[in-house]
Structure formats: structure tokens, C-alpha cells
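The residues making up each chain are set out below.
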Amino acid sequence: MSTPHSLSEGDRAPNFTLYTDEAQPWELSDHLDQPVVLLFFPGAFTSVCTTEMNTVNNDLGSFGPAHVVGISTDSPAVLSEFRSTQQFEFPLLSDHDAEVCAAYGAKYDKNFTDMKLDRVAKRSAFVIDPSGTIQYAEVLDDAGQQPDFDALKQAVQQLNRNETEGDIGASE
């Protein structure tokens, strides 16, 4: 399930099943009734990740009816505490083995910090349309950077407009 490079706009999104912060299975294909926003982040309770997830949570209405999820390699128990403490209104998914991170090209390859950590997600954002096609992709090598929230919201809003107008996939 791994790819040597990051996925790009127009690529088919790999399907996956991960466990939520509530230890429930969450499968991508079950959520393609509307756009899906995948937010990969390196680690719960770190300052930049907490800021990123709170930025999204505080502006969740801008994403319309999209399914928004955060994904890290933290355990469901850690993610449960993170979500509870921060009061996130969207689920957090545990990719404990980093297989989904790798499939999306959003995994550090033994080069995260001087400790050469391997099982860590790169901060990344993907927007997937209901046909399973990636419409927005941003993978950041610098864990200290934040995604382009304006571009991310714009991609979701465009999909929501297309869905309302009934022309999703019209350009395919």
C-alpha cells in the first residue's frame, strides 16, 4: 500500500480503513457521499499540530458538508485524549503502522528530526471528491509549516458548489 512519491491532484485516492479516536473503524469509501478532507499530522499534543487542528476546528463551517478527519500515527487512546482535551468536532484516525501515510506519500522516511524517526506522518492535506479522485494535495516536508488553509477551503467549497450544481465529474 505504499507509493514512492506523494499523490497529486487527479490521482485516485487509495481506499483505507483506520480506527478512530473512539476505536471504531472508519473506511474512506464509506464516506464518499460528499467531499472528504484528510489532514495528516505528525503528532498529538505538539504545538504546531494542536494549532493546525484547532484552526480547522474553529473554522469547520467553511468546509460545508465535507467529512473532515485528522490522521496521525498516534494510538487511538492518545488521539481520544487529544480530541477530548481540545474539543475537536471531527474524528481523529490512528494510522499506527503508517501504512496509509505511506500510501499517500505523507510519511517521513527515517528522516524526521535528528533521531531519524520513521513512523511519523508528514503534515499533509488532501481533498477527495465523491468519485474518489484527489482534487487538492499538499504535502509539507517541514513539520513546522501549516497547510494553506485558504487553498484547502477553496478546494472543498468548489466541490460543494459543483455538487450543488450537479456537475461533479463533468470535466472527467
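Residues numbered from 1 in each chain as written. Predicted model: local features only at pLDDT ≥ 70, side-chain atom pairs only at ≥ 80, totals over all residues. Heavy atoms only, no water.

A. The overall build of the protein chain, seen in detail. Counting its regular elements, the protein chain contains 4 helices and 7 strands. Secondary structure elements in the protein chain, listed N-terminal to C-terminal, are β-β-β-α-β-α-β-α-β-β-α. The 172 residues of the protein chain split such that 49% are buried. Once local pairs closer than 6 in sequence are excluded, the contacts in the protein chain between residues at least 24 apart make up 62%. Of the roughly 8100 Å² of accessible surface on the protein chain, a fraction of 45% belongs to carbon and sulfur atoms. (Helix = DSSP H or I, 4+ residues; strand = E, 2+ residues; numbered from the N terminus. Buried < 20%, exposed > 50% of the residue type's maximum accessible area, 1.4 Å probe, protein only. Contact = heavy atoms within 4.5 Å. Areas by Shrake-Rupley, 256 points an atom, 1.4 Å probe, with all protein chains shown as cover.)

B. Just the pattern of salt bridges, in detail. With the rule as written, the count across this model stands at 4 salt bridges. A salt bridge links D21 to R83; the nearest nitrogen and oxygen atoms lie 3.1 Å apart. Placement of the pair is D21 in the loop between β1 (17-20) and β2 (25-27) and R83 in helix α2 (residues 76-86), with a sequence separation of 62 residues. One exposure class covers both D21 and R83, and it is buried. Here E22 ties to R83 by a salt bridge, and the two come within 4.0 Å at their closest N and O atoms. With a gap of 61 residues between them, E22 in the loop between β1 and β2 and R83 in helix α2 connect regions that are remote in the sequence. (Salt bridge = Lys/Arg side-chain N within 4 Å of Asp/Glu carboxyl O.)

C. Region of the structure containing the nonpolar core. Residues V37 and F63 are the most contacted members of the largest nonpolar core, which totals 24 residues. For this core, the secondary structure elements donating two or more residues are β3 (36-40), α1 (47-58), α2, β6 (124-128) and α4 (149-165). When residues of this core are assigned to their parent elements, the largest contribution, 5 residues, is made by α4. Non-local contacts of V37, meaning those with residues more than four positions away in its chain, are made with F63, A66, H67, V68, V69, F126, V127, L152 and V156. If you look at the next biggest cluster of nonpolar residues, it comprises 23 residues, including L18, I71, L93 and C101. (Core = buried A, V, L, I, M, F, W, Y, C linked by side-chain atoms within 4.5 Å.)

D. Broad picture of the environment of Q24. Tracing the sequence through the fold places Q24 in the loop between β1 and β2. Overall, Q24 belongs to the partly exposed group, its relative accessible area being 46%. Placed 69 residues apart in sequence, Q24 and L93 show a C-alpha to C-alpha distance of 9.2 Å. Setting aside residues up to four positions removed in sequence, Q24 forms contacts with L18 and Y19.

E. Representation of the sheet that holds β2 in the model. Strands sit in the order β2-β1-β5-β4-β3-β6-β7 across an open sheet of 7 strands; the sheet is mixed. Here the strands that pair on one side only, and so sit at the sheet edges, are β2 and β7 (134-139). Averaged over all pairs of adjacent strands, the angle between their axes in this sheet comes to 30°, without regard to strand direction. Along the sheet face, α1 touches β3, β4 (67-72) and β5 (92-94) and points at about 160° away from the line of β3. Running at roughly 165° to β5, α2 makes contact with β1, β4 and β5 of the sheet. (Pairing = 2+ DSSP bridges. Axes fitted to C-alpha atoms, helices over the stretch in contact; angles between N-to-C directions.)

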